[in-house]
Amino acid sequence: MSMAVVGLIAGMALGFAGYFGGFGAFLLVAALGAVGFVVGRFLDGDLEPGDFFRSRERGERRR
């Protein structure tokens, strides 16, 4: 499935949630979508749990 189709489905889900459930439902669907995205990245192997908990080294500081 292409990223355009995934974006279309996500946008439609957020639109339906916002229309039928109000702003609270919109935020809930958006938050659950973000959690699902991160879990999917873990399952694909693109992220590792240590990526969130590792401290930055001195050479990697961004300003």
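Refer to the preceding data block for the structure.
Residues numbered from 1 in each chain as written. Predicted model: local features only at pLDDT ≥ 70, side-chain atom pairs only at ≥ 80, totals over all residues. Heavy atoms only, no water.

1. Brief notes about the overall build of the protein chain
For step 1, the next point in the chain: Of the regular secondary structure elements, the protein chain holds two helices and zero strands.
For step 2, the next point in the chain: Approximately 5700 Å² of the protein chain is accessible, and the part contributed by carbon and sulfur atoms is 65%. (Helix = DSSP H or I, 4+ residues; strand = E, 2+ residues; numbered from the N terminus. Areas by Shrake-Rupley, 256 points an atom, 1.4 Å probe, with all protein chains shown as cover.)

2. Details of the environment of E48
For step 1, the next point in the chain: Within the element layout of this structure, E48 appears in the loop between α1 (3-44) and α2 (50-53).
For step 2, the next point in the chain: Here E48 is in contact with F42 and R54, once residues within four sequence places are set aside. (Contact = heavy atoms within 4.5 Å.)

3. So, α1
For step 1, the next point in the chain: In a regular helix each residue adds 1.5 Å, so 42 residues correspond to 62 Å; α1 covers only 15 Å between its end C-alpha atoms and thus falls short of that length.
For step 2, the next point in the chain: The principal kink in α1, of about 145°, is found at G21.
For step 3, the next point in the chain: Among the residues trailing α1, G45 stands out with phi positive, at a value near 90°. (Expected span 1.5 Å × (residues − 1). Bend = angle between axes of the 7 residues up to and from the residue.)

4. Things to note about the packing of aromatic side chains
For step 1, the next point in the chain: Considering all chains together, one arrives at three aromatic pairs under this definition.
For step 2, the next point in the chain: Geometrically, the ring pair formed by F16 and F20 is stacked, given 6.0 Å between the ring centres and 10° between the ring planes. In this pair, F16 and F20 are both assigned in helix α1, four residues apart and thus about one turn of the helix distant.
For step 3, the next point in the chain: According to the relative accessible area criterion, F20 is exposed, its value standing at 62%. (Phe/Tyr/Trp six-rings, centres within 6.5 Å; stacked < 30°, edge-to-face > 60°. Buried < 20%, exposed > 50% of the residue type's maximum accessible area, 1.4 Å probe, protein only.)

5. Brief notes about the environment of G33
For step 1, the next point in the chain: Mapped onto the secondary structure, G33 falls in helix α1.
For step 2, the next point in the chain: In this structure, the C-alpha to C-alpha distance between G33 and L14, residues 19 residues apart in sequence, is 9.3 Å.

6. A few points about a nonpolar patch on the surface
For step 1, the next point in the chain: Residues M1, M3, V5, V6 and I9 make up a contiguous nonpolar surface patch of roughly 540 Å² in combined accessible area.
For step 2, the next point in the chain: With respect to the helices and strands, V5 occurs in helix α1. (Patch = residues over 30% accessible without salt bridge, like charges linked within 9 Å, V, L, I, M, F, W, Y side chains within 5 Å. Salt bridge = Lys/Arg side-chain N within 4 Å of Asp/Glu carboxyl O.)

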